[in-house]
Amino acid sequence: MSSGPQDRFRKARPVSELAALVLEPVIARRAGMRIDLLAAWAEIVGPLHAGYTRPEKIIWPRRATDEDPFQPGQLVVACEGARAVLFQHEIDEVLSRLNIYFGFQAIARIRIVQKPVLKLRERPMPLDQRLNPAQTTRLSGILEKVDDDKLRQSLARLGKGVMAKAAREKGER
């Protein structure tokens, strides 16, 4: 069997899969939860709460020995300011959905901490990252053959950042 260029491409793996392999043990050790909970969070809490809440960590009760019975943990959820009151009203439903997600009674209670949660991509883009018409046209041309909408949007954000940084470094503005 020869090992040609095609064999190399068959072994290629998505970056998200590789990142998950690296991040999963770190998140599990530091926050006591899995990366798939973060990925499924919007489905668990629903569209009303997904934008301003985020699971922070799971606090598991200490067990003196391995023979001690399992005790459900406490999920710490970050929530944007005054919206914590709205989230508090739905906490029983969210708790039920969480335990359905885990497939067993994994979480006994949810503790809300108020802190900023906005995702990086939802924050307003700084003025110095806006593109001039020529850069916008060039970026659109580069991305026109990308069929997947999410990938195109992600690449567009990346392209804007790279092009704006290059323009700043060249002194164009």
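Now for a description of the structure that goes with this document. (Residues numbered from 1 in each chain as written. Predicted model: local features only at pLDDT ≥ 70, side-chain atom pairs only at ≥ 80, totals over all residues. Heavy atoms only, no water.)

1. With respect to the overall build of the protein
Step number 1: Along its length, the protein carries eight helices and three strands.
Step number 2: Mapped from its N terminus to its C terminus, the protein presents α and β elements in the order α-α-α-α-β-β-α-α-β-α-α.
Step number 3: For the protein, with 173 residues in total, the buried portion stands at 26%.
Step number 4: Sequence-distant contacts, at least 24 apart, represent 61% of the contacts inside the protein between residues at least 6 apart.
Step number 5: Total accessible area on the protein stands at roughly 12,800 Å², and carbon and sulfur atoms take up 56% of it. (Helix = DSSP H or I, 4+ residues; strand = E, 2+ residues; numbered from the N terminus. Buried < 20%, exposed > 50% of the residue type's maximum accessible area, 1.4 Å probe, protein only. Contact = heavy atoms within 4.5 Å. Areas by Shrake-Rupley, 256 points an atom, 1.4 Å probe, with all protein chains shown as cover.)

2. What to know about the packing of aromatic side chains
Step number 1: Throughout the structure, instances matching the rule amount to two aromatic pairs.
Step number 2: Both rings, one in Tyr101 and one in Phe102, keep their centres 5.4 Å apart while their planes meet at 70°; by these two values the pair is edge-to-face.
Step number 3: The exposure class of Tyr101 is partly exposed, given its relative accessible area of 30%.
Step number 4: These aromatic residues form a ring-pair network of at least three members: Tyr101, Phe102 and Phe104. (Phe/Tyr/Trp six-rings, centres within 6.5 Å; stacked < 30°, edge-to-face > 60°.)

These figures capture arrangement, not role.
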